[in-house]
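Chain by chain, the residues:
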Amino acid sequence: MKHIVRKEFTDVLRDGRFRWCSVLVGALLLVSLGHGWVQARNAQQEHAAAQATARDHWESQGEKNPHSAAHYGIYAFKPRLALSFVDEGVDPYTGTSVWLEAHRQNDFLLRPAQDATAPQRIGALTAAQVLQHLVPLLIILLTFGALAGERERGTLRQLLATGIGRRELALGKALGIAGALALLLVPAALVGAAALVVGSPGPAASPLARGVVLAGVYLAYFTAFLALSLAVSAWARSARTALVILLGVWVVNGLVAPRVAVDLSKWLHPTPSALEFARNVEREMAAGVEGIPRPDRDALAERLLAEHGVERVEDLPINEVGVYLQESEEFGNRIFDRNYGALWDTFERQGVVHEALAVVAPLLAVRTLSMGLAGTDVEQHRHFATAAEAYRRDLMRRMNGDLADNSRTGDTYLAGPELWEETPPLEYAAPTLGWVLGNRILSILVLGTWLVGAVLAASVRVRRAEVG
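Residues numbered from 1 in each chain as written. Predicted model: local features only at pLDDT ≥ 70, side-chain atom pairs only at ≥ 80, totals over all residues. Heavy atoms only, no water.

Undergrad: For this particular structure, what's the right way to read the overall build of the protein chain?
TA: Within the protein chain, the secondary structure is distributed over 20 helices and three strands. Relative to a compact globule of 468 residues, whose C-alpha radius of gyration would be 23 Å, the protein chain shows 29 Å and is clearly more extended. Dimensions of the protein chain along its principal axes, counting C-alpha atoms only, are 105 × 45 × 35 Å. Burial status across the protein chain gives 46% buried among its 468 residues. Put simply, of all contacts in the protein chain between residues at least 6 apart along the chain, 83% involve residues at least 24 apart. If you sum the accessible surface of the protein chain, you get close to 22,900 Å²; carbon and sulfur atoms cover 62% of it. (Helix = DSSP H or I, 4+ residues; strand = E, 2+ residues; numbered from the N terminus. Rg over C-alpha atoms; globule rule 2.2 N^0.38 Å. Buried < 20%, exposed > 50% of the residue type's maximum accessible area, 1.4 Å probe, protein only. Contact = heavy atoms within 4.5 Å. Areas by Shrake-Rupley, 256 points an atom, 1.4 Å probe, with all protein chains shown as cover.)

As structure tokens, this is what we get:
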């Protein structure tokens, strides 16, 4: 076994295909890691500066009616997690900042993909794309002739005649190829780990734990491709046939399946256009819907008069306008929950379609796991959006409550800077690793099935491989 591993390892290193491909893939991987890290660091610094500026604008707005301050609003910025430099995920498409104001739940802004041309979007290579697409192609190029080539050259029969078992031969070749790949991937992993520690915005434990799990995901992915390539090499009559079959698998896995997953998920679970969604929200805000009627100011006034035992709204110990504004906020919140909740649920059902289709393309499972561990998937975008919306509602409640409690109906009331300073900033806690993995159970199961299935297929095909 040791001799087989050494021989295969040496042959791979001497192979010009490996040298040229490893230089190309290694360079792309290191450049994408470096570019992603610099971009993530810059984004973190820009978001921190923008958040500080937005907070300063909020606190320095001077004397103002609290509800006018609610309309003045404030920006919230989605933080970049440490592993986001590996996989940008959906962030370029969903945006990373949102304007929080009265009566409206706004969409996210700053979407780089929105302003990019098609070539720019295609050319935005990330480390995750290199690992998901190019490394499997390199594995195929190194492995397709491992057994089929020995059979064509007539050396397979000679090797087996020495007493080495078929499984030991295949395992030795696999370990030799894996050792050569390790010369490419281990340095890149060390560079990524160093960047993770240096660039981590918080305690290193959680990012490192996510990084370890992410490394395990890609190790399983590469092992599955290596085993699958060996299985095809053992089954095919020639190295050329093995190469054609494996390249077909690679095309389906990396190019066809992702496009089919997008189209199929949209067909099964269609979403409205941005314009249709906005119009529907405006229509329901204007007229209300069944079970969510618009607030009636006259009915509110009568209720308040009865509660406080007075005959005129001017005699109320609170400002009726502030109470009505808050009830309008609560009405709008129910409309937003109804529409945005349905939209988020549709996005998540589309994600389930992507994960289910991973049974024919493991890249789909790896991609969802990679985005989840990097903190750039749809679920974690929704997590932040929910936190930002909860903060907006609390902010509106504070402003309307101050207006209602500290003034009377008909008064001109201006709040001072102390109210703006007392309003706490948005404090966002990212989901835990357990929460992330809990959302990706299906992807974990499918990837595990691919790994076990590929290893079993390799074992069976090697045992039954013809020697001549």
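Undergrad: Explain unusual backbone geometry to me, please; I cannot follow it from the model alone.
TA: For residues other than glycine, phi is negative in most cases, and the peptide bonds are mostly trans. Phi at His103 is positive, roughly 70°, even though this residue is not glycine. As for its position among the elements, His103 is in the loop between β2 (97-101) and β3 (104-109).

Undergrad: How should I be thinking about the environment of Ala236 in this particular structure?
TA: One can find Ala236 in the loop between α11 (205-235) and α12 (239-268). Classification of Ala236 by relative accessible area gives buried; the value is 1%. Ala236 sits 225 residues away from Arg461 along the chain, and the two C-alpha atoms are 9.8 Å apart. Ala236 has contacts with Ala148, Arg151, Thr241 and Ala242, leaving out every residue within four places of it along the chain.

Undergrad: Mind showing me how you'd approach the packing of helix α15 (residues 320-356) against helix α20 (residues 441-463) here?
TA: Viewed as axis vectors pointing N to C, α15 and α20 meet at an angle of 10°, and their least axial separation amounts to 9 Å. When the axis of α15 is compared with that of α20, the two are roughly parallel. Within the contact between the two elements, α15 uses Val352, Glu355 and Ala356 and α20 uses Leu442, Ser443 and Val446. (Axes fitted to C-alpha atoms, helices over the stretch in contact; angles between N-to-C directions. Parallel < 35°, antiparallel > 145°, perpendicular 65-115°, else oblique.)

Undergrad: Just to check I follow, could you spell out the environment of Leu300 for this structure?
TA: Along the chain, the position of Leu300 falls in helix α14 (residues 297-308). Separated by 20 residues in the primary sequence, Leu300 and Glu320 place their C-alpha atoms 8.3 Å from one another. If sequence neighbours within four positions are ignored, Leu300 has contacts with Glu320, Val323, Tyr324 and Glu327.

Undergrad: Quick question: what am I supposed to make of α15 here?
TA: Spacing of three or four residues puts side chains on the same side of an α-helix, whose turn is 3.6 residues. The first and last C-alpha atoms of α15 sit 53 Å apart over 37 residues, in line with the 54 Å expected at 1.5 Å per residue. Where α15 begins, the side chain of Asn319 points an oxygen toward the backbone nitrogen of Val321, at a separation of 2.9 Å. (Expected span 1.5 Å × (residues − 1). Polar contact = N/O pair within 3.5 Å; in protein donor to acceptor, adjacent residues only side chain to side chain.)

Undergrad: In this structure, what is going on with the packing of helix α16 (residues 362-374) against α20? I would like to understand it.
TA: Relative orientation and spacing of two packed helices are given, respectively, by the angle between their axes and the distance between those axes. Direction vectors running N to C along α16 and α20 enclose 140°, while the axes themselves pass 9 Å from each other. Comparing the axis directions of α16 and α20 gives the class oblique. Like other packed secondary-structure pairs, α16 and α20 cross with a definite hand, here left-handed. Residue-level inspection shows Pro362, Ala365, Val366, Thr368 and Leu369 of α16 in contact with α20, the latter providing Ser443, Ile444, Leu447 and Trp450. Looking at side-chain class alone, the contact of α16 with α20 contains seven nonpolar, two polar and no charged residues. (Left-handed = near helix turned anticlockwise from the far one by under 90°. Nonpolar A, V, L, I, M, F, W, Y, C, P; charged D, E, K, R; others polar.)

Undergrad: Sorry, what's going on with the packing of aromatic side chains here?
TA: Considering all chains together, one arrives at eleven aromatic pairs under this definition. Ring plane angle 35° and centroid distance 6.0 Å describe the contact between Tyr75 and Phe77, whose orientation is recorded as tilted. Relative accessible area serves as the criterion here: at 14%, Phe77 is assigned to the buried category. Aromatic side chains Tyr75 and Trp99 sit 4.6 Å apart centroid to centroid with 55° between the ring planes, which places their arrangement in the tilted category. Note that Tyr75 is positioned in strand β1 (residues 74-77) and Trp99 in strand β2, a separation of 24 residues in sequence. A network of ring pairs unites the aromatic residues Tyr218, Tyr221, Phe222 and Phe225 as a single cluster. Between Lys64 and the ring centre of Tyr72, over which it is positioned, the NZ or CZ distance is 4.1 Å. Cation over ring: Arg297 sits above Tyr324, and NZ or CZ is 5.3 Å from the ring centre. (Phe/Tyr/Trp six-rings, centres within 6.5 Å; stacked < 30°, edge-to-face > 60°. Lys NZ or Arg CZ within 6 Å of the ring centre and 35° of its normal.)

Undergrad: In this structure, what is going on with the pairing of β2? I would like to understand it.
TA: Along a regular strand, successive side chains alternate from one face of the sheet to the other. Among the five residues in β2, four count as buried, and that is most of the element. The pairing of β1 with β2 spans four bridges and is antiparallel. Paired with Phe77 across the bridge in β2 is Ser97. (Pairing = 2+ DSSP bridges.)

Undergrad: Looking at this structure, I do not really get the side chain of Thr96. What am I missing?
TA: As for its position among the elements, Thr96 is in the loop between α4 (91-94) and β2. Overall, the relative accessible area of 11% leaves Thr96 in the buried class. Within polar-contact distance, the side chain of Thr96 engages the side chain of His47 at 3.5 Å.

Undergrad: Where do I start with the nonpolar core in this structure?
TA: Here is a general trend for soluble globular proteins: nonpolar side chains tend to be buried in one another's company. Leu29, Tyr218 and Phe222 are the most contacted members of the largest nonpolar core, which has 60 residues in total. Secondary structure elements with two or more residues in this core: α2 (16-59), α7 (127-143), α10 (166-199), α11, α12, α16 and α20. Here this core gets ten residues from one element, more than from any other, and that element is α11. Membership of the second largest hydrophobic core comes to 34 residues, among which are Val98, Leu100, Ile335 and Tyr391. (Core = buried A, V, L, I, M, F, W, Y, C linked by side-chain atoms within 4.5 Å.)

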